[in-house]
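# Coordinate inspection notes
The primary structure of each chain is shown beneath.
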Amino acid sequence: MPPPPPLTAAITLAPLLLFLFLARPTVSLRPWPNTKPNSTDFLYGGSKKYEGSSEFVHLKYHMGPVLTANITVYPIWYGRWQSSQKRIIREFIASISAVDSKPPSVSGWWKTVQLYTDQTGANISRTVHVGEQKNDRFYSHGKSLTRLSVQSVIKSAVTASTRPLPINPKSGVYLLLTSDDVYVQDFCNNICGFHYFTFPSIVGYTLPYAWVGNSAKLCPGVCAYPFAVPDYIPGLKAVKSPNADVGVDGMISVIAHEIAELSTNPLVNAWYAGQDPVFPVEIADLCEGIYGTGGGGSYTGQMLNGKDGATYNMNGIRRRFLVQWVWNHLLNYCTGPNALDQ
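First, a word on what this report is: a plain description of the structure on this page. (Residues numbered from 1 in each chain as written. Predicted model: local features only at pLDDT ≥ 70, side-chain atom pairs only at ≥ 80, totals over all residues. Heavy atoms only, no water.)

### A closer look at the packing of aromatic side chains
This model, assessed by the stated rule, comprises 13 aromatic pairs. A ring pair is formed by Tyr78 and Tyr139, whose centres lie 6.1 Å apart and whose planes are at 85 degrees; its orientation type is edge-to-face. Of the two residues, Tyr78 is situated in strand β3 (residues 71–78) and Tyr139 in the loop between β5 (134–136) and β6 (144–145); the sequence distance between them amounts to 61 residues. Neither residue differs from the other here; Tyr78 and Tyr139 are each classed as buried. (Phe/Tyr/Trp six-rings, centres within 6.5 Å; stacked < 30°, edge-to-face > 60°. Helix = DSSP H or I, 4+ residues; strand = E, 2+ residues; numbered from the N terminus. Buried < 20%, exposed > 50% of the residue type's maximum accessible area, 1.4 Å probe, protein only.)

### Considerations on the nonpolar core
Considering soluble globular proteins, one finds that nonpolar side chains tend to be buried as a cluster. Among the nonpolar cores identified, the biggest contains 84 residues, and Ile89, Phe92, Trp109, Trp110, Leu177, Ile255 and Trp327 are the most heavily contacted of them. The dominant element in this core, judged by the number of residues it contributes, is helix α7 (residues 246–264), at 9 residues. (Core = buried A, V, L, I, M, F, W, Y, C linked by side-chain atoms within 4.5 Å.)

### Re the pairing of strand β9 (residues 191–197)
Summarising burial for β9: 7 of the 7 residues are buried, a large majority. Direction of pairing for β9 relative to strand β10 (residues 208–213): antiparallel, over a ladder of 5 bridges. Paired with Phe197 across the bridge in β10 is Pro208. (Pairing = 2+ DSSP bridges.)

### Points about the environment of Ile283
Its location among the elements puts Ile283 in the loop between β11 (271–273) and β12 (304–305). Ile283 gets classed as buried once you look at its relative accessible area, which sits at 0%. In sequence terms Ile283 and Tyr116 are 167 residues apart; their C-alpha atoms lie 10.0 Å from each other. Non-local contacts of Ile283, meaning those with residues more than four positions away in its chain, are made with Leu59, Val113, Tyr116, Ala260, Glu261, Thr264, Val326 and Trp327. (Contact = heavy atoms within 4.5 Å.)

### Here's the deal with unusual backbone geometry
The general pattern is negative phi for most residues beyond glycine and trans for most peptide bonds. For the peptide bond that leads from Pro103 to Pro104, omega is -5 degrees, which places it in the cis range. Unlike most non-glycine residues, Tyr139 shows phi in positive territory, near 55 degrees. Within the chain, Asn332 stands out as a residue other than glycine whose phi angle is a positive 60 degrees. With respect to the secondary-structure elements, Asn332 resides in the loop between β16 (326–328) and β17 (333–335).

### Brief notes about the side chain of Asn265
Locating Asn265 in the fold gives a position in the loop between α7 and β11. Within polar-contact distance, the side chain of Asn265 engages the backbone nitrogen of Asn269 at 3.0 Å. Those residues in contact with Asn265, other than ones at most four positions away along the chain, are His195, Ala270, Trp271, Tyr272, Pro280 and Glu282. (Polar contact = N/O pair within 3.5 Å; in protein donor to acceptor, adjacent residues only side chain to side chain.)

### Quick word on the packing of helix α4 (residues 106–114) against α7
Their axes nearest at 10 Å, the elements α4 and α7 cross at an angle of 30 degrees. By the criterion of interaxial angle, the relationship of α4 to α7 is roughly parallel. α7 is crossed by α4, and the crossing has right-handed handedness. Contacts between α4 and α7 involve Trp109, Trp110 and Val113 from the former and Ala256, Ile259, Ala260, Ser263 and Thr264 from the latter. The residue inventory of the contact of α4 with α7, partitioned by class, reads 6 nonpolar, 2 polar and no charged. (Axes fitted to C-alpha atoms, helices over the stretch in contact; angles between N-to-C directions. Parallel < 35°, antiparallel > 145°, perpendicular 65-115°, else oblique. Left-handed = near helix turned anticlockwise from the far one by under 90°. Nonpolar A, V, L, I, M, F, W, Y, C, P; charged D, E, K, R; others polar.)

### Points about α7
If you check α7, its first and last C-alpha atoms are 28 Å apart, about what 19 residues at 1.5 Å a residue would give, namely 27 Å. Counting buried positions along α7 yields 18 of 19 residues, so the element is predominantly enclosed. (Expected span 1.5 Å × (residues − 1).)

### Re the pairing of β10
Burial analysis of β10 places 6 of its 6 residues in the buried class, which makes it a mostly covered element. Burial of the side chains of β10 extends over both faces: Pro208, Ala210 and Val212 are buried on one face and Tyr209, Trp211 and Gly213 on the other. Sheet topology note: the strand β7 (residues 172–178)/β10 ladder contains 5 bridges and is parallel. Bridge pairing in β10 links Leu177 to Val212.

### Comments concerning the pattern of salt bridges
One pass over the structure, following the stated rule, counts 6 salt bridges. Two residues, Glu91 and Arg318, come together in a salt bridge whose shortest N-O distance is 3.4 Å. Taken together, the positions of Glu91 in helix α3 (residues 83–95) and Arg318 in the loop between β14 (314–315) and β15 (320–321) put the pair 227 residues apart, joining distant regions of the chain. The exposure class assigned to Glu91 is buried, which follows from its relative accessible area of 11%. Given a relative accessible area of 63%, Arg318 falls into the exposed group. Asp186 is the partner of Arg147 in a salt bridge, and the nearest nitrogen-oxygen pair spans 3.1 Å. Of the two residues, Arg147 sits in helix α5 (residues 147–158) while Asp186 sits in the loop between β8 (183–184) and β9, which places them 39 residues apart along the sequence. (Salt bridge = Lys/Arg side-chain N within 4 Å of Asp/Glu carboxyl O.)

Here you go:
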């Protein structure tokens, strides 16, 4: 888990300082390939079965809210993005609710997320769609962002003088996407994305948000694996990405990771494993790096190969994607729509 966000001189209230010191965004780790343990290894050591183990994993509900109303994702495009890159990401998000997609499908993957409920028994919404979008192509907060300045970018998007993003604290997901020339605090240090909620002292509202960066120029071997591989491991070959964009195809699984966890743990007080809410292990953390049957460690599991040689594990509306599995708390193991036993 990364260090706490830096404290700025503008924040002077002692209780808020203490809160900011303790509060850490939950992150999407990429310990590729086997340079660090799988996320569950931090909790359960080497005895974990790589597709999950009911004996060691204890995911619990902590009575907080989950996203049961129709979910709207508000992309914030920070930096310079090609229209083709935006299209890949938007179509992935739209595919979450596309129940008619060819199996194994992204919507089939989302069915596992839908199994999670709130204290009334209401399930996570089956509907996820792209809402209003905001472009910040001139890097209004610079090309190097801290965890707190990430929230400032979101504030700029929801308070803009022209076409601000809607304020939607109950079913909105604010997705900050940084281009390949932007560095975010701890990016590439085995961290490819994180989620949390905005502080009213900074943004004016409590809004669930996630950040995911394009690693194409900075660290594709860390955050776009297996479409790129680390230089320090000779002989390891990258696989072909399904949408001909290594950086964006690598982002897709991280975006899926963060949306799944924001839906089941938006305020970091709902579904997670472990005893400490400051260090929650969530439904995607438990399956980090698992894309198919037999996955775990530095092995991705059984994936699919297209006629064009591209590697993927599920279909969307018009595209193919490689998306990590998530934890199924009813079965107590990681599941995905491309499992060989389905």
